[in-house]
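Read off the chains here:
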Amino acid sequence: MIWQRLGLALLACALVAGCGFKLRGTGLNVSAQSVFVRGADPTRVGSSEFAQALRRAFAQRRVTVTDGPEAAEVQVRVLDERRERRNLSVTGQARAAEWELTRAVQFSAVAGSSEELIEPRWIEVKRFFRVDRDNIVGSNEEQRLVEQELTRDLVDQVLRSVNQVLAERAAG
């Protein structure tokens, strides 16, 4: 009986490995050595929550985050950020039952001081969550977690874009 279970477990592992399954977040190593991230408001360093998250993500991938664009191989510019919360449905008492959260970021990337790697582009992610009127604190916590997930998804998309452009540039 134990051998059958072990055999089934090994078969399941082989099937999962053979189908191309990857854990989310793998393969996001950036090929740049140094990067400078400019927030949406360049007059205030660190003013953008998204820019801070992007800096942390580069640092976690062992990319040097510089204090100025002069020392950076790549400069990622966060040009604009948008947040939106929209009511999707209401209860019988005319209270919100579901919310849709939207987060959008416009960014560009430049190599050195002049070569444009990524033209300004918008990326947008959306999620919805249900409001539990019996547990308002839990609903607020869920909204906070959904907002963090949206930020993480946007950061991953920016990292993938930068990495793809750098890989194409290095290849040819």
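Residues numbered from 1 in each chain as written. Predicted model: local features only at pLDDT ≥ 70, side-chain atom pairs only at ≥ 80, totals over all residues. Heavy atoms only, no water.

Q: Would you mind going over the nonpolar core with me for this structure?
A: The tendency in soluble globular proteins is for nonpolar side chains to be buried side by side. The biggest cluster of nonpolar side chains holds 35 residues, and the ones touching the most others in it are L54, F58, V74 and V76. At the level of elements, β1 (34-38), α2 (49-60), β3 (74-90), β4 (96-111), β5 (115-130) and α3 (136-171) are the ones that each hand at least two residues to this core. Considering each element in turn, this core owes the most residues, nine residues, to α3. Look past the residues within four positions of V74 in its chain and what remains in contact with it is A32, S34, V35, F36, A109, V110, L117, V162 and L166. (Core = buried A, V, L, I, M, F, W, Y, C linked by side-chain atoms within 4.5 Å. Buried < 20%, exposed > 50% of the residue type's maximum accessible area, 1.4 Å probe, protein only. Helix = DSSP H or I, 4+ residues; strand = E, 2+ residues; numbered from the N terminus. Contact = heavy atoms within 4.5 Å.)

Q: I'm lost on the confidence of the model for the protein in this one. Help?
A: Low-pLDDT portions of the prediction should not be read for the details of their coordinates. When pLDDT is averaged across the protein, the result is 81; 78% of the residues are at 70 or more. Here helix α1 (residues 2-18) is the element of the protein with the lowest mean pLDDT, 75, and α2 is the one with the highest, 92. (pLDDT = per-residue confidence, 0-100.)

Q: Can you help me understand the side chain of T66 in this one?
A: The topology assignment puts T66 in the loop between β2 (64-65) and β3. On the basis of relative accessibility, which here comes to 13%, the residue T66 falls in the buried class. There is a polar contact of 2.9 Å between the side chain of T66 and the backbone oxygen of G68. (Polar contact = N/O pair within 3.5 Å; in protein donor to acceptor, adjacent residues only side chain to side chain.)

Q: It is not clear to me how the pattern of salt bridges should be interpreted in this structure. Could you clarify?
A: A side chain of one charge can pair with a side chain of the opposite charge if their charged atoms are brought near each other. Per the stated rule, a full pass over the model turns up eight salt bridges. A salt bridge links K126 to E124; the nearest nitrogen and oxygen atoms lie 4.0 Å apart. Classification of K126 as partly exposed rests on a relative accessible area of 44%. Classification of E124 by relative accessible area gives partly exposed; the value is 48%. Beyond isolated ion pairs, a larger network of salt bridges with shared partners links R127, E149 and D153. (Salt bridge = Lys/Arg side-chain N within 4 Å of Asp/Glu carboxyl O.)

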